[in-house]
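# Architecture at a glance
Spelled out from the first residue to the last, the chains are:
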Amino acid sequence: MNEGPGHVDLKVHLAHPARMYDYYLGGKDNFAADREAAEKALAAAPEIRAIARENRAFMQRAVTHIVSAGIRQFLDIGTGLPTGRNVHEVAQDYAPDARVAYVDNDRIVQVHARALLSGQGRGETRVIAADIREPDVILNHPDVREMIDFTAPVAIMLVSVLQFVPDRDPEELVAPLREAMAPGSYLVLSHPTHDFRREQVHQVVDTYNKAKAPAITRTRPEIERLFGDLEMIEPGLVQVPLWRPEPGSVCKDLGLIWMYGGVARKPA
């Protein structure tokens, strides 16, 4: 049956990684198939909920650091479903004029994001349809160009997205983004690893593969090389709870957090 050009099939009978992540974070933008697949992943590695929360907190701390350094434009690629304290909320709390372009290739995410982000924030916020597999398309997208001035410093966010591009060398995707960044720009990146909890991590990856969302984990050196010749901000590439934690915050079992995160700056 023809649903019309404006219809979007959410395919709620199939699990979707963005909705699974929303479920881990306690959100409500998920369906039975997402919850079923997420529970299978949680059965293999119950720490996934903690990893999702720590990864989200890492993103928020990174944005706070970057906006306090004077950056006023953000390009968030592979944004996923909006949930508590998004990039624009964190940035615009500090700098009301901050601009945030969210980029995602999935129609499900685009529909949810445009509805949930509509009218939010004091600065400009926009959701753009594009794919991390085509960085040049992102960089030259008219909506991105309208939002982001690449002759000025920008923060590019690649938070927990590159694992969903298992069939490409991620360096091919990140290098054009680094090249487009003006001096003084920042790259924020997080990525799951199999450096520890290897058996459980492989079980989780298998769950995602069966849910038609192929994924891959990488080692610390493989992730670190994605920053190229950018200058790593202290403390470098670390497990996400260790990146500039809030005073008094403690991760009870660091060995369970198989997610690295880091922030780097393009030198002048």
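Residues numbered from 1 in each chain as written. Predicted model: local features only at pLDDT ≥ 70, side-chain atom pairs only at ≥ 80, totals over all residues. Heavy atoms only, no water.

## Points about the layout of surface pockets
Empty space left among the atoms is revealed by rolling a probe the size of a water molecule over them. For clarity, the cut-off: Cavity: a set of points on a 1 Å grid over the protein atoms alone where a 1.4 Å probe fits but cannot get out. Pocket: an open set with protein on both sides within 12 Å along at least five of seven lines, its lining residues, like those of a cavity, having an atom within 4 Å of a point. Grid points are joined across faces, edges and corners, and a volume is the space filled by probe spheres set on the points. Only DSSP runs of H or I with at least four residues qualify as helices, and only runs of E with at least two residues qualify as strands; both kinds are numbered from the N terminus onward. Each residue receives one of three labels: charged for Asp, Glu, Lys and Arg, nonpolar for Ala, Val, Leu, Ile, Met, Phe, Trp, Tyr, Cys and Pro, and polar for the others, Gly being one of them.
Taken as a whole, the second largest pocket encloses approximately 180 Å³ of empty space. Lining the second largest pocket are His13, Leu14, Ala15, Ala33, Glu36, Ala37, Lys40, Thr207, Lys210, Ala211 and Lys212. Looking at the lining of the second largest pocket, the elements with two or more residues in it are helix H2 (32–44) and helix H9 (198–210). Among the elements that make up the lining of the second largest pocket, the one with the highest residue count is H2 (4 residues). In terms of residue class, the lining of the second largest pocket is made up of 5 nonpolar, 2 polar and 4 charged.

## Let's talk about the side chain of glutamate 47
As a reminder of what qualifies: For each residue, the accessible area found with a 1.4 Å probe, counting protein chains only, is set against the maximum for its type, and the residue is called buried under 20%, exposed over 50%, and partly exposed in between. Definition of a polar contact: a pair of N or O atoms within 3.5 Å, with one able to donate and the other able to accept a hydrogen when the atoms are protein atoms, and with sequence-neighbouring residues admitted only if both atoms are side-chain atoms.
Residue placement: glutamate 47 occurs in the loop between H2 and helix H3 (48–68). Glutamate 47 gets classed as buried once you look at its relative accessible area, which sits at 6%. A distance of 2.8 Å separates a polar atom in the side chain of glutamate 47 from a polar atom in the side chain of tryptophan 258.

## Here's the deal with the pairing of strand E2 (residues 99–104)
Test applied: Should DSSP find at least two bridges between two strands, the strands are taken to pair.
Of all 6 residues that make up E2, 5 are buried, and the element is covered over most of its length. Bridge count for strand E1 (residues 73–77) against E2 is 5 bridges, and the pairing is parallel. Opposite leucine 75, over in E2, you have alanine 101 as the bridge partner.

## A few points about the environment of valine 161
Formally: Contacts: residue pairs with any heavy atoms within 4.5 Å of one another.
With respect to the helices, strands and loops of the structure, valine 161 is situated in the loop between strand E4 (155–159) and helix H8 (170–180). Distance in space between the C-alpha atoms of valine 161 and phenylalanine 196 is 20 Å, their sequence separation being 35 residues. Contact partners of valine 161, with chain neighbours within four places excluded, come to Ile77, Gly78 and Ser190.

## Here we look at the packing of aromatic side chains
We apply this condition: Note on aromatic pairs: the rings of Phe, Tyr and Trp (six-membered ring only in Trp) are paired at centre separations within 6.5 Å, and the planes decide the class, stacked below 30 degrees, edge-to-face beyond 60, tilted for the rest. Think of it as a cone above the ring: NZ of Lys or CZ of Arg counts as a charge over the ring if it is within 6 Å of the ring centre and within 35 degrees of the ring normal.
Evaluation of the coordinates by the stated rule reveals 3 aromatic pairs. With centroids separated by 5.8 Å and ring planes inclined at 85°, the aromatic side chains of phenylalanine 58 and tryptophan 243 adopt a geometry described as edge-to-face. Placement of the pair is phenylalanine 58 in helix H3 and tryptophan 243 in the loop between strand E7 (238–239) and strand E8 (259–265), with a sequence separation of 185 residues. Taking NZ or CZ as reference, arginine 49 lies 4.9 Å from the ring centre of tyrosine 23, over its face. When the ring centre of tryptophan 243 is taken as origin, the NZ or CZ atom of arginine 244, which lies over that ring, is 5.4 Å away.

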